Structures are given as structure tokens and as C-alpha cells.
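# Structural characterization, general
As a plain string of letters, each chain reads:
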Amino acid sequence: MSPRSWIPTVLRARQAQEDLVAQQVAVARRDAGQAADEHAEHAARVAGMASPRSQSVPAFHASLAAHQAAAATLAAARNRVLFAEGRVSSALVELTTAARSRRTVEKLQERDQAEQVSTASSLAQREMDEVSISRHGARLRRTS
């Protein structure tokens, strides 16, 4: 057994952490998509509004207030899009960090496995050398 038997456990934990962060990225991207869709709807609504042309002052003021409310809603939707995009960016940074962390442990595991293979190969070669030497020594004793 390797003295580094803890590596697979750490690797599984790092993989689980990376999976969790990948899920968070997916959720953030979904939210960003929804925010972008809402922004597009609000932008279309604002673009479709006619400029106020009422004959009466109260109707003109009501139309102007509706325009202002629609513009405020559009601005809020844009802020939600920016916030969602920021969440996606930070989640991607976290995902990169988690992937790098997982890959570091994978490299350590690969190095440990290569070391085990090298040690086993060296041990097998030593055993074969001892067998060869003992056979050669037995032949020399028989001939003498």
C-alpha cells in the first residue's frame, strides 16, 4: 500500500467540489439568459411605445409617466443582466480554480502511481537478478 493512500479521497473531494461549481456556473448562465430575455422584452416594449401626443394635459402626463416607468423597468432589467453576467464570470473563475486544484491532485496521483510502478519494476528486476545469480552460482558449483 502506498504511503499516499489519501490521494484518491482528496481527488474525489476535489472532483465533487468542481462538479458543484460547474452546477453553479450552469445556474448562473441560466439566470443570465433569463435576465437577458427579460431585458429584450422590456426593450421591445419601450421601443414600441409611441411618444405622447395627447390632446389633454392629464392624458399627456399619464403617457409620460408610463414612458418613465417603462424606461425605469428597462434600466432595472439591464442592471439584472449586468449582475447575472458578473455572477457567471465569478463562477467561471471559481470553476477554473476548482479544475486547477483537481488537476494538481490528479498529477500527484499520477506521479505516485508512476513511482509505485517504478518501485515494483525495480523490485522485480532485483528478484530476477538474484535468481539469475543463484542459478549461475549453482552451475559453477556443479561444474567444479
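Up top is the structure.
Residues numbered from 1 in each chain as written. Predicted model: local features only at pLDDT ≥ 70, side-chain atom pairs only at ≥ 80, totals over all residues. Heavy atoms only, no water.

Turning our attention to the overall build of the protein. Check the secondary structure of the protein and you find two helices and zero strands. A principal-axis box enclosing the C-alpha atoms of the protein has dimensions of 130 × 20 × 15 Å. For the protein, the share of sequence-separated contacts (at least 6 apart) that also reach a separation of at least 24 residues comes to 84%. Accessible surface computed for the protein: about 10500 Å², of which carbon and sulfur atoms make up 57%. Of note, the protein has its 20 positive side-chain charges centred 4 Å away from the centre of its 15 negative side-chain charges. (Helix = DSSP H or I, 4+ residues; strand = E, 2+ residues; numbered from the N terminus. Contact = heavy atoms within 4.5 Å. Areas by Shrake-Rupley, 256 points an atom, 1.4 Å probe, with all protein chains shown as cover. Lys, Arg positive; Asp, Glu negative; His and termini not counted. Charge placed at Lys NZ, Arg CZ, Asp CG, Glu CD.)

This part is about the pattern of salt bridges. In the structure shown here, the tally under the stated rule is seven salt bridges. Counted as one network, the salt bridges with shared partners bring together Glu 18, Arg 102, Arg 103, Glu 106 and Glu 110. (Salt bridge = Lys/Arg side-chain N within 4 Å of Asp/Glu carboxyl O.)

Okay, the side chain of Arg 102 next. Topologically, Arg 102 is positioned in helix 2 (residues 57-143). On the basis of relative accessible area, Arg 102 is assigned to the buried category, the value being 18%. A polar contact of 2.9 Å, which involves the side chain of Arg 102, links it to the side chain of Glu 106. Beyond its immediate stretch of four places on either side in the chain, Arg 102 contacts Leu 11, Arg 14, Gln 15 and Glu 18. (Buried < 20%, exposed > 50% of the residue type's maximum accessible area, 1.4 Å probe, protein only. Polar contact = N/O pair within 3.5 Å; in protein donor to acceptor, adjacent residues only side chain to side chain.)

Moving on: a positive patch on the surface. A grouping of Arg 135, Arg 139, Arg 141 and Arg 142 is seen on the molecular surface, where their side chains present a positively charged patch. Along the chain, Arg 142 falls in helix 2. Judged by its relative accessible area of 65%, Arg 142 falls in the exposed class. (Patch = residues over 30% accessible without salt bridge, like charges linked within 9 Å, V, L, I, M, F, W, Y side chains within 5 Å.)

The next thing to look at is the nonpolar core. If you look at the biggest cluster of nonpolar residues, it comprises six residues: Ala 28, Ala 32, Ala 35, Val 81, Ala 84 and Val 88. When residues of this core are traced back to their parent elements, those giving at least two are helix 1 (7-48) and helix 2. Apart from the residues within four sequence positions on either side, Val 81 is in contact with Ala 35, Ala 36 and His 39. (Core = buried A, V, L, I, M, F, W, Y, C linked by side-chain atoms within 4.5 Å.)

Looking now at the packing of helix 1 against helix 2. Helices that pack against each other are described as a pair by the angle of their axes relative to one another and the distance between those axes. Closest axis-to-axis distance for the helix 1/helix 2 pair is 7 Å, and the angle between their directions is 160°. The angle between helix 1 and helix 2 falls in the class roughly antiparallel. Once helix 1 is placed against helix 2, the crossing between them reads as left-handed. Split into classes, the residues belonging to the contact of helix 1 with helix 2 amount to 28 nonpolar, seven polar and 13 charged. (Axes fitted to C-alpha atoms, helices over the stretch in contact; angles between N-to-C directions. Parallel < 35°, antiparallel > 145°, perpendicular 65-115°, else oblique. Left-handed = near helix turned anticlockwise from the far one by under 90°. Nonpolar A, V, L, I, M, F, W, Y, C, P; charged D, E, K, R; others polar.)

Turning to helix 2, a few remarks are in order. End to end, helix 2 covers 127 Å across 87 residues, agreeing with the expected 129 Å (1.5 Å per residue, within 8%). For helix 2, the N-terminal cap is Ser 56; the gap from its side-chain oxygen to the backbone nitrogen of Ala 59 is 3.3 Å. (Expected span 1.5 Å × (residues − 1).)

With that settled, the discussion passes to the environment of Leu 82. For Leu 82, the position within the fold is in helix 2. Residue Leu 82 is classed as partly exposed on the basis of its relative accessible area of 42%. Separated by 47 residues in sequence, Leu 82 and Ala 35 place their C-alpha atoms 8.8 Å apart.

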